[in-house]
Amino acid sequence: MQKTSKLSRDGAVWGLVMVAPTVIGLLVLNIWPFFQAIYMSFSKSLPFGEFEFEGIDNYVEMFSNAEFWKATWNTILFCILTVPVGIFLALLVAVMLNSKIRGRTTFRAIFFLPMVVAPAAVAMVWKWIFNTQYGIINTMLGQNIGWLTDSRFVLLTCAVVQIWSNIGYDAVLLLAGLQNVSATLYEAADLDGASKVRQFFSITLPMVSPTLFVVLIMRLMSSLKVFDLVYMMVDDANPALSDAQTLMSLFYRESFVAGDKGYASAIVVWTVLLIGIVTVIQFIGQKKWVNYEV
Amino acid sequence: MKKLHRLAAGALAALMAAGLAGCAPDDGTVNLTFQIWDVAQRDGMQAMCDAYTAQHPDVHIQVQVINWDEYWTKLEAATMSNKMPDIFWMHTNEILKYADNGKLADCSDIVDTEHFSDISLSNASGSDGVLYGVPKDKDTVGLVYNKEMFDAAGVAYPDETWTWDDLVDASQKIYDATGNYGYMAYADDQLGYWNFVYQAGGSILTADKTRGNFLDPGTEKGMAFYIGLQKNDWCPDQTYFAETSPGTAFFSEKGAMFLEGNWNILSELQNYPDMVGKWDVAVLPACPDPVSGDGRATISNGLCYATGANNKHLDIVKDVLKFFGSEEGQRIQGESGAAIPAYEGLEDTWVGVFDAYPIDVTCFVDMFDYCVQSVNNAARPEWKTPVSDTLLKIYTGELDLQTGLQQMQQEVDTASAEYYEEDA
């Protein structure tokens, strides 16, 4: 009896030692800064990392700032533009890559390629493609549309690039889900005379829904946190800047350009809340459509 | 078995600890780090350090280049953790923040003030007027122009007789004759509207630098003229500049003129070999009817060498800085083509570098006679972005000029009030 408990205690110690690097890393690099950020959001920032507690001033300033609400709306709009279309296309690609077509492995590699390229490089190339004067899109259309400088198009343009960058990764995740669907289900459906479309909605979709849910959560979070893409594609001299500024770009400007880290922390805390709310809604909503039975 | 566990765990811990330990040489030599942001000046800086090492074999200085975008984030982080590089470049944008918070060492005892202009000294001083750096260089802004386009339109090249009217006339004629843009006026401060504001007799800040001065008639005149330029067919609008910088447009032969700082000329000659000989540079045109003054102005900025207040080898570092600020050190810098030495009388060392090119850069030196110190106060990091955002709104027409200027005034005043309360 005693022997077992000693053994398990020994095992527990070893377990802790083994996870220590990760846990310590998380505590030092993620958890502790998170609480610091909350504290900073209630403080006035002085130069060189000094802070002075001042209460809710940053939040009062933030909620009465039109630029902040504009950035919040831009962020939400960006999610609406990217997430549904992006996931739909990723699912489409996954289904196609799962079927028996020639050169399937090659296509899988091609679709995954954007994920391997650095986001900054992706943004630079797309910037050229969308360039008003010399870009290939305007040249083909014979138009002079300011894709990145017109306030009506700028966010849409960024959304297109975001979708393009993520399709491959999402598709690979969904593909893994698809491959777990047992072939016998389709055989049975074939025998019953169900059409391919019917098979997709009655078999594929429910069976892949847990993966779809994971992809949806990840994609929403990353869209709410979008920064590098917008930062690279829309620079400070762009007149459409305010129509493309997301919460994270606003945070960057306040924190690292203007140096107001207290106010910037308030923006971050707001973003975390926003992501939290959206995620909770999803976990409640998933009960309606995610199928965990195999 | 248990022993083995202990041993393994101990080894693991030792391994982790090893990463933290540093090492310091103890043989009398001192290794110093020198942080800069311009890769084009690395060789010049290294030559200067080598000259010092030749005289003091015990001191080795390593030049590290960190590009501008990361430079200030890194320097701030290094300052917070008390790990500043031994020597670093300091810019007027940031010097007041560092100096006023006591992060920089007092350099008044190693600068020979009679060899530097008041502007150079002021650019290296904190709000308290004490020198916190050794003046490194000084710069001006000139009018770069494409000779071929002027020839094609039959317009005489810009010279010191030029006024704003000539700038507009020439732009129109070049546009009519060649279809290329004339003067490319974009939303920029130092390489844009600041110059025109001071030419018109206005200023961005009040004389004591504690408040904005956007509502001054001279300021308004300069702003109105400069912003209005984009309404002409011969000037691209701000949406164009959002994707194509004036420099890119100029060197791809899409436009005839733009404002450029002298610090970029050498690298532009090197980077666009096909364009060499096709362009030259002139002094800035004057305002024909300024509200006050003679209509001439150009913005002059300058960097300095600085060191941290808590540097471990302060005596040695200050001796190095003293050398950097001496005639010898500044001469090496000038002859490398890096920048115009701040040391008065050595301007020609920089001009001489361009003998190899068909371009006359003396205009940059001539303009020191009427140059204006680059705009700065302790609150600038805070108002810089809001002001440039407001400027964009004037360009897009979201705000009219008057409202826009009032908003800029308010932005500068609100930010400045936190620093200069007693003067309010």
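Note that this is a predicted model, so its numbers are computed, not measured.

(A) Quick peek at the overall build of chain A. A count of helical and extended segments in chain A gives 13 helices and two strands. For a compact globule of 294 residues, the expected C-alpha radius of gyration is about 19 Å, and chain A comes in at 24 Å, more than 25% above that figure. Residue burial in chain A is summarised as follows: out of 294 residues, 30% are buried. Restricting to contacts in chain A with at least 6 residues of sequence separation, those with at least 24 account for 69%.

(B) A look at the sheet that holds strand β9 (residues 279-282) of chain B. Residues and elements named next belong to chain B. Strand order in the open sheet formed by four strands is β7-β8-β6-β9, with mixed pairing between adjacent strands. Here the strands that pair on one side only, and so sit at the sheet edges, are β7 (181-183) and β9. Strand-to-strand twist in this sheet, taken as the mean axis angle between neighbours without regard to direction, amounts to 30 degrees. Two strands pair when backbone bridges link them, and strand β6 (residues 141-146) and strand β8 (residues 255-261) are joined in this way by five bridges, in the antiparallel orientation. Within the sheet, the bridge partner assigned to G142 lies in β8 and is E260. Taken strand by strand, helix α7 (residues 164-178) contacts β7 and β8, and its axis lies near 170 degrees from that of β7. Its contacts with the sheet put helix α8 (residues 189-199) on β6 and β8, and the angle it makes with β8 is roughly 95 degrees.

(C) Structural detail: the domain arrangement of chain B. All names here are of chain B. Looking at chain B, the domain boundaries give domain 1 (29-139 + 301-345) and domain 2 (141-300 + 375-423). Between domain 1 and domain 2, the C-alpha centre-to-centre distance is 29 Å. With 15 residues of domain 1 in contact, the opposing surface of domain 2 contributes twelve residues. Among the elements that line the side of domain 1 that touches domain 2, the one with the most residues is helix α4 (residues 92-100), at five residues. Split by residue class, the side of domain 1 that touches domain 2 holds five nonpolar, six polar and four charged.

(D) Spatial organisation of the nonpolar core. In terms of nonpolar packing, the biggest core is built from 166 residues, with C158(A), A171(A), L174(A), I267(A), M184(B) and V320(B) touching the most fellow members. Top contributing element to this core by residue count: helix α3 (residues 66-98) of chain A, with eleven residues.

(E) Local environment of the sheet that holds strand β4 (residues 134-135) of chain B. All names here are of chain B. The five strands are arranged β2-β1-β3-β11-β4 in an open sheet whose pairing can be described as mixed. Unpaired on one side and paired on the other, β2 (59-65) and β4 mark the two borders of the sheet. In this structure, strand β1 (residues 30-36) lies alongside strand β3 (residues 87-90), joined through two bridges in parallel fashion. Of the residues in β3, the one forming a bridge with Q35 is F88.

(F) Structural context of the interface of chain A and chain B. Chain A puts 21 residues into the contact, and the matching count from chain B is 23 residues. Considering every element that reaches the side of chain A that touches chain B, the biggest residue donor is helix α12 (residues 247-257) of chain A, with three residues. Across the side of chain A that touches chain B, the residue classes break down as ten nonpolar, eight polar and three charged.

(G) Up close: the domain arrangement of chain A. Residues and elements named next belong to chain A. For chain A, the assigned domains read domain 1 (2-41) and domain 2 (67-289). Taking only C-alpha atoms, the centre of domain 1 and the centre of domain 2 are 34 Å apart. Here the side of domain 1 that touches domain 2 is composed, by residue class, of three nonpolar, one polar and no charged.

What counts and how
- Residues numbered from 1 in each chain as written.
- Chains lettered and ligands numbered in written order.
- Predicted model: local features only at pLDDT ≥ 70, side-chain atom pairs only at ≥ 80, totals over all residues.
- Helix = DSSP H or I, 4+ residues; strand = E, 2+ residues; numbered from the N terminus.
- Rg over C-alpha atoms; globule rule 2.2 N^0.38 Å.
- Buried ≥ 20, exposed ≤ 12 C-beta atoms within 10 Å, placed from the backbone.
- Contact = placed C-beta atoms within 7 Å.
- Pairing = 2+ DSSP bridges.
- Axes fitted to C-alpha atoms, helices over the stretch in contact; angles between N-to-C directions.
- Domains from an automatic or database assignment.
- Nonpolar A, V, L, I, M, F, W, Y, C, P; charged D, E, K, R; others polar.
- Core = buried A, V, L, I, M, F, W, Y, C linked by C-beta atoms within 7 Å.

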